[in-house]
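# Geometric and topological summary
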Amino acid sequence: MSAPTAFAPGLVIQGIQPPLRLSDFKLIAFDMDSTLINIECVDEIADAAGRKAEVAAITEAAMQGLITDYKESLRQRVALLRGVSVSHLESVFTERLRFNPGARELIDAAKAAGLTTLLVSGGFTFFSDRVKAGLGIDFARSNRLEVEGGLLTGRMVDQPWGDICDGAEKRRTLLEVASLMGIDPSQAIAVGDGANDLPMMGAAGLSVAYHAKPAVRAQAKVAINEGGLDRLLEVLR
């Protein structure tokens, strides 16, 4: 891949020759936490349990790629959420969760250009289902928290596709959707910020890092380091 080049202030490209056409792609896949939305949901839920610092430290290490077993790191964090009420999840959603700048504009532009939209998250269905609905995203896959008596048990529930949506599952989902659509993965765009996004970013034709960790920025064909998600539209006309 060619050396990174400043395409515009806060926008770095490598290995591509813009302008590319958005309509040449057929699928765009997004991470959720810190990509489509402004928070790491697991950290904010942990706040209710008085364990935010403990959980956030594990999250940060996982996103930087310092913890290689993402599934185990997520199980550790979810175990610390035991006893948190569903009503607290509601308050995290209403009081803390916001769509990142440009998220709606980029998704609307992608849909107008005929792309299918996909959300793949190591976060939780409680949030991803609402984000999917709020942004008009076509498909979503994420992890389901186990609830008993209105309280989190500290465990996750297995789903038909598997146990935990980690980096490998994000990649598998992107490839599965591409296959069902009858398209080549080179016709897919993958957008993320953390180490567990790298597998799907590597499988897609265009990888986009959004305000990402250094290891992710270094491998992405487009790195949005300043401004909103819709800055991708400066590269994709």
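Here, the structure is the one placed above.
Sequence order as written defines residue numbering, which begins from 1 separately in each chain. With pLDDT at 70 or above as the cut-off, local features in this predicted model cover only qualifying residues; side-chain atom pairs require 80 or more to be listed or tallied, and sums for whole chains, interfaces and linings still use all residues. Side-chain numbers come from the whole structure's heavy atoms, not from hydrogens or water.

### Observations concerning helix α4 (residues 86-96)
What sets the pattern is the α-helix's 3.6 residues per turn: residues three or four places apart point alike. Convention followed: Type-normalised accessible area, obtained with a 1.4 Å probe on protein chains alone, sets the label of each residue: buried when under 20%, exposed when over 50%, and partly exposed for intermediate values. The numbering of helices and of strands both runs from the N terminus, where a helix is a DSSP run of H or I of at least 4 residues and a strand a run of E of at least 2. Note: the arc covers the axis-to-C-beta directions of the helix.
All of the buried residues along α4 are His-88, Leu-89, Ser-91 and Val-92. Relative to the axis of α4, the buried residues are bounded by an arc of 160 degrees and lie together on one face.

### Comments concerning the packing of helix α2 (residues 52-64) against helix α3 (residues 70-79)
Packed helix pairs are characterised by how far apart their axes lie and by the angle those axes make with each other. As a reminder of what qualifies: Here the axes come from fitting lines to C-alpha atoms, over the contacting stretch only for helices, and the angles between their N-to-C directions go from 0 to 180 degrees. Should an angle fall under 35 degrees it is called roughly parallel, over 145 degrees roughly antiparallel, and 65 to 115 degrees roughly perpendicular, with every other angle called oblique. Handedness of a helix crossing follows the sense of rotation of the near helix relative to the far helix, less than a right angle counterclockwise being left-handed and clockwise being right-handed. Residue contacts follow a heavy-atom distance rule, with two residues in contact if any of their heavy atoms lie within 4.5 Å. Under the grouping applied here, Gly and all other residues not named as nonpolar or charged are polar, the nonpolar ones being Ala, Val, Leu, Ile, Met, Phe, Trp, Tyr, Cys and Pro and the charged ones Asp, Glu, Lys and Arg.
Where α2 contacts α3, the axes come no closer than 10 Å and their chain directions differ by 170 degrees. For the element pair α2 / α3, the angle class is roughly antiparallel. Every pair of crossing elements has a handedness; the one defined by α2 and α3 is left-handed. On the side of α2, the interface is formed by Val-55, Ile-58, Thr-59, Ala-62 and Met-63, while α3 contributes Tyr-70, Ser-73, Gln-76 and Arg-77. In the contact of α2 with α3, the residues fall into five nonpolar, three polar and one charged.

### Observations regarding the side chain of Thr-59
Stated formally: Polar contact is the term for a pair of N or O atoms within 3.5 Å; when the atoms are in protein, one must be able to donate a hydrogen and the other to accept it, and sequence-neighboring residues count only if both atoms are side-chain atoms.
Position of Thr-59 among the secondary structure elements: in helix α2. For Thr-59, the side chain forms a polar contact with the side chain of Asp-43, separated by 2.7 Å. Setting aside chain neighbours within four positions, we find Thr-59 in contact with Glu-40, Val-42, Asp-43 and Arg-77.

### With respect to the pairing of strand β6 (residues 151-157)
How we decide: Two strands qualify as a pair provided that DSSP identifies no fewer than 2 bridges between them.
Pairing between strand β5 (residues 139-148) and β6: four bridges, direction antiparallel. For Val-147, the partnering residue across the bridge sits in β6 and is Leu-152. Linkage of β5 to β6, two consecutive antiparallel strands, is achieved through a turn of two residues, within which Gly-149 is found at a positive phi near 60 degrees.

### Some points on the sheet that holds strand β7 (residues 188-192)
The strand order across the open sheet formed by nine strands is β1-β2-β9-β8-β7-β3-β4-β5-β6, and the pairing between neighbours is mixed. If you trace the sheet from one side to the other, it starts and ends with β1 (5-8) and β6, each paired once. Each strand of the sheet is rotated relative to its neighbour by a mean of 25 degrees, with strand direction disregarded. Two elements, strand β2 (residues 11-13) and strand β9 (residues 222-224), share three bridges in a ladder whose sense is antiparallel. Each bridged residue has a counterpart across the sheet, and for Val-12 the counterpart in β9 is Ala-223. Packing against the sheet, helix α5 (residues 103-112) makes contact with β3 (27-30) and β4 (116-124), and its axis sits at approximately 160 degrees to β3.

Coordinates in, geometry out; function isn't part of it.
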